[in-house]
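Coordinates in review
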Amino acid sequence: MISVRRTAAIALLGLLAALGVAQPPAGAQQTAPPRPAAPAAASAVEPPSAAEPAPAADPAAAEFDVRDYGAVGNGSTNDTAAVNRAITAANAAGGGIVRFPAGTYESKNTIRMKSNVTLHLDAGSTISGSGADTYDPPEPNPWDDYQDYGHSHFHNAMIHGDNLSNIGFTGSGVIDGDGALITGNPESGEADKIISLTRCTNLTLSGITLREGGHFAALINDCDNVVSDRLVIDTAMDRDGWNIISTTDVRITNARLEANDDALAFKSDYALGAKLDNGHVTVTDSHLSAGCCNALMFGSETCGDFTDYRFERITIKGSDKSGLGMVSMDGAKISDVHYKDITMTDVRSPILQKVGTRKRCGNNPGVGSISNITYTNIRATGSTPSFSPTIWGESGSSRIKDVTFTDVDITVPGGNGTMSTNPPANDPKDYNPKAIGTRPAYGWYIRNADNVRFTDSEVRFAADDGRPAVIANSSTGIRFDRFTAQRGSNSPSDVLFQTVTGYCVADSGNTGGGALRVSQTGSSQNCGGGGPAPVRYEAESAVRSTGSTVDSDHAGYSGTGFVNTPNAAGAHVEWTVNAPVAGSADLVIAYANGTTTNRPLDISVNGTTVVAAAPFAGTGAWTSWRTVTVPAAALTAGANTVRVTAASANGAPNLDYLDGPA
């Protein structure tokens, strides 16, 4: 039986002909079976595993074979017009899959994407770029003074789309710039990107390989709901891999991105004439490498705020700037970012956080901030020459705060002699790690930061070094618990505090087994630790709405299980939290949401709503647990009821526990 969408697509061909849109030759079938696949071209980048087949096309969607619209696929004929005809037909039919069977499709002009269209590249298929200088010219942009040329212009690309929804790039083929794309500022007719998308919703970018991307293999700006699995980018001979700009709700899994410039960068510029938010992003099980620059980066374009990012199970090999870089240069507030299970090798700057004052953004931006950042189970080795791992804030409200390092082990090259321990020079308008001079500590250098804590962590050098392992300057609440540092033969101390209020070094020592040598100037010690550890209240012991179950089929939970409530508004869990004294306290709620849809909760204390529709965003998997903090909740002395209630028909996420005051 022919599907309704298939019938509609066929009936539409006559209308397209009447409108002057080319149609397939007589007798052609839109759903022609694929031709035998040619062997895929060799690549320096490892393709998706054969045990994990590339994403298949939706079997229910209408298919539009580019050959039926005139494409030849012989590697020399310009097939762009045929591809655009197939895209137009799929869009006019209400949506469909534009299929590229095995072959090389020369594209000398810009392919123009349309809504509800997926380009599916079969194994052995390649869309190849051209040096004919016949791509769409860059469009004018009244805001191009605020960012680099490549960020400001979008039309000059192999594939371009604006204000689109439900679009995709899937399969196991290749889109190859073939050495024809520009890495600098292009002239008219030259392209500097493979994929360039603005204002898009529901984007899939999975399975395919992007090769030799010019300035950007992929650049997206102001998009929402982006899904990517087993994407390969091989542009180590050109510049950036994937820039994700002013974009929300992103899930990336099993990516392999090898670039010369930034491999995977999250940015927010002013190219669309507004400061736009970013966030709700998960990146897992991926491999990144960067030649000249940054592997996994926030910035440098940082106009709009960033929140809710999770990076887990990532390997980074090679980075001549930052392995894990985070800079706020243009006024952005960066918060709620969490790194876990990450291994880095040959990175010049393993970890960098910096607040700068470049202010390259419209609407008179102030100076940004960085807060609530965690690093857990991180392993890194540096390359020579190196930049010490650094936390560098600005003064006032732009200080960096609330950063925790748990089980973070870093080995730097070392090899420096003893030097002045005064703060190094800094260019606040430059994000590059080298904009801060040689750090006077071989390990961690911390300046203008509050509440930074290291637990079960270590720093070493490969060659003897005369600098202290750690220097903290002009900061508060800097704490080291069970911290280990290697001692240089001529270093004046192991840890040096300069004008630090409330420092603490506890249960820590050097790699030789002795205690750390701690020195200070103008500083005060406080090892109170901020009070006792919080009390944990498991969800399985709480009161819960009818129909809720206590389950244990998703690993990673605390206690004996978690609560799975009905998928309905009003579903709830209620804890009794005991406070030793009346006052405000933070409440931390652990949850998992394996969907891509936010499951908001109303949170009440003693019957009064303190947060309405608090976001509990997708965590990437039901086995991926996160926390949401309710700050400064007002509690009475003794027993308090804390209830979370589903604010939408999707119900609550799976709930694990609540941490309250001791």
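Shown above is the structure to which this text applies.
Because the structure is a prediction, the values reported are computed rather than measured. Every chain begins its residue count from 1, and numbering advances along the sequence as written. With pLDDT at 70 or above as the cut-off, local features in this predicted model cover only qualifying residues; side-chain atom pairs require 80 or more to be listed or tallied, and sums for whole chains, interfaces and linings still use all residues. Side-chain measures here rest on the full set of heavy atoms in the structure, leaving out hydrogens and waters.

1. Side note on the overall build of the chain
Note the cut-off: Numbering goes from the N terminus for both helices and strands, where a helix is a DSSP run of H or I of at least four residues and a strand is a run of E of at least two. We compute the radius of gyration over the C-alpha atoms and compare it with the globule rule, which gives 2.2 Å times the number of residues raised to the power 0.38. The criterion used for residue contact is that any of the two residues' heavy atoms lie within 4.5 Å.
On a plain count of helices and strands, the chain comes out with three helices and 47 strands. In terms of C-alpha radius of gyration, the chain reaches 27 Å, essentially the compact-globule figure of 26 Å for 662 residues. If one aligns the C-alpha atoms of the chain with their principal axes, the spans along those axes are about 85 × 65 × 50 Å. Partitioning the intrachain contacts of the chain with sequence separation of at least 6 by distance along the chain shows that 76% fall at a separation of at least 24.

2. Things to note about the packing of aromatic side chains
The geometry of an aromatic ring pair is captured by the separation of the ring centres together with the interplanar angle, meaning the angle of the planes. The following threshold applies: Whether two aromatic rings pair depends on their centres lying within 6.5 Å, for rings of Phe, Tyr and Trp, where Trp uses its six-membered ring; planes under 30 degrees apart make the pair stacked, over 60 edge-to-face, and the rest tilted. Between buried and exposed lies partly exposed: a residue is buried under 20% and exposed over 50% of the maximum accessible area for its type, with that area taken using a 1.4 Å probe on protein chains only. Whether a charge sits over a ring comes down to the Lys NZ or Arg CZ being within 6 Å of the ring centre and within 35 degrees of the ring normal.
One pass over the structure, following the stated rule, counts 25 aromatic pairs. Where Phe480 meets Phe483, the ring centres are 4.8 Å apart and the plane angle is 65°; that geometry is what we call edge-to-face. For the pair Phe480 and Phe483, one class covers both residues: buried. Between Arg536 and the ring centre of Tyr657, over which it is positioned, the NZ or CZ distance is 3.6 Å.

3. Let's talk about the sheet that holds strand β41 (residues 572-579)
Our working rule: Strands were regarded as paired on the criterion that DSSP finds at least two bridges between them.
A sheet is described by the order of its strands in space; here five strands give the open sequence β38-β41-β46-β43-β44, paired in antiparallel fashion. Since the sheet does not close on itself, it has two edges, and those belong to β38 (543-544) and β44 (608-614), each with one partner. Pairing of strand β43 (residues 601-605) with strand β46 (residues 638-646) involves five bridges; the strand directions are antiparallel. Residue pairing across strands places Leu601 opposite Ala646, the latter belonging to β46.

4. Quick notes on the side chain of Lys193
Note the following rule: Residues adjacent in sequence count toward polar contacts only when both atoms are side-chain atoms; beyond that, a polar contact is any pair of N or O atoms within 3.5 Å, and within protein one must be able to donate a hydrogen and the other to accept it.
Relative to the assigned elements, Lys193 resides in strand β11 (residues 193-198). Using a relative accessible area of 0% as the deciding quantity, one classes Lys193 as buried. At a separation of 3.1 Å, a polar atom in the side chain of Lys193 contacts the main-chain carbonyl oxygen of Gly150. Polar side-chain contacts of Lys193 include one of 2.8 Å to the side chain of Asp192. Apart from the residues lying within four places of it in its own chain, the contact partners of Lys193 are Gly150, His153, Phe154, Asn156, Ala157, Met158, Leu181, Gly213, Phe216 and Leu219.

5. A few points about the nonpolar core
We count it as follows: The criterion is simple. A nonpolar core is a set of buried Ala, Val, Leu, Ile, Met, Phe, Trp, Tyr and Cys residues joined through side-chain atoms within 4.5 Å.
Within the largest apolar cluster, 109 residues are counted, with the highest numbers of intra-cluster contacts made by Trp242, Phe266, Phe311 and Tyr339. With sequence-adjacent residues up to four places away left out, Trp242 is seen in contact with Leu205, Ala218, Ile220, Val226, Ser228, Leu231, Ile233, Ile252, Ala263, Leu264 and Ala265. The next biggest cluster of nonpolar side chains, apart from the first, holds 28 residues, and it includes Ala539, Val563, Phe616 and Val628.

6. Side note on empty space enclosed by the protein
Basically, it comes down to this: A cavity here means a set of 1 Å grid points, computed over protein atoms only, where a 1.4 Å probe fits but cannot escape. A pocket is an open set with protein on both sides within 12 Å along at least 5 of 7 lines, and lining residues have an atom within 4 Å of a point. Grid points are joined across faces, edges and corners, and a volume is the space filled by probe spheres set on the points.
The final tally for this structure, using the stated rule, is one cavity of 30 Å³ or more. For the largest cavity, the calculated volume is near 150 Å³. Lining the largest cavity are 16 residues, and of these Asp249, Val250, Arg251, His280 and Thr596 sit closest to its centre. Elements represented by at least two residues in the lining of the largest cavity include exactly β15 (224-229), β18 (248-253) and β21 (278-290).

7. Some details on the pattern of salt bridges
Going by this rule: The salt bridge criterion pairs a side-chain nitrogen of Lys or Arg with a carboxyl oxygen of Asp or Glu, the two atoms within 4 Å.
In total, this model carries 34 salt bridges according to the counting rule given. Residues Arg482 and Asp456 are paired through a salt bridge, measuring 2.6 Å at the closest nitrogen-oxygen approach. Separated by 26 residues along the polypeptide, Arg482 in the loop between β31 (470-481) and β32 (484-485) and Asp456 in the loop between β29 (449-455) and β30 (458-463) bring together distant segments of the chain. On the basis of relative accessibility, which here comes to 34%, the residue Asp456 falls in the partly exposed class. Its salt-bridge partner being Glu458, residue Arg460 comes within 2.1 Å of it at the nearest N-O pair. Since its relative accessible area comes to 35%, Arg460 is described here as partly exposed. Sharing partners across several salt bridges, the network here consists of Asp148, Asp240, Asp262, Lys267, Glu301 and Arg360.

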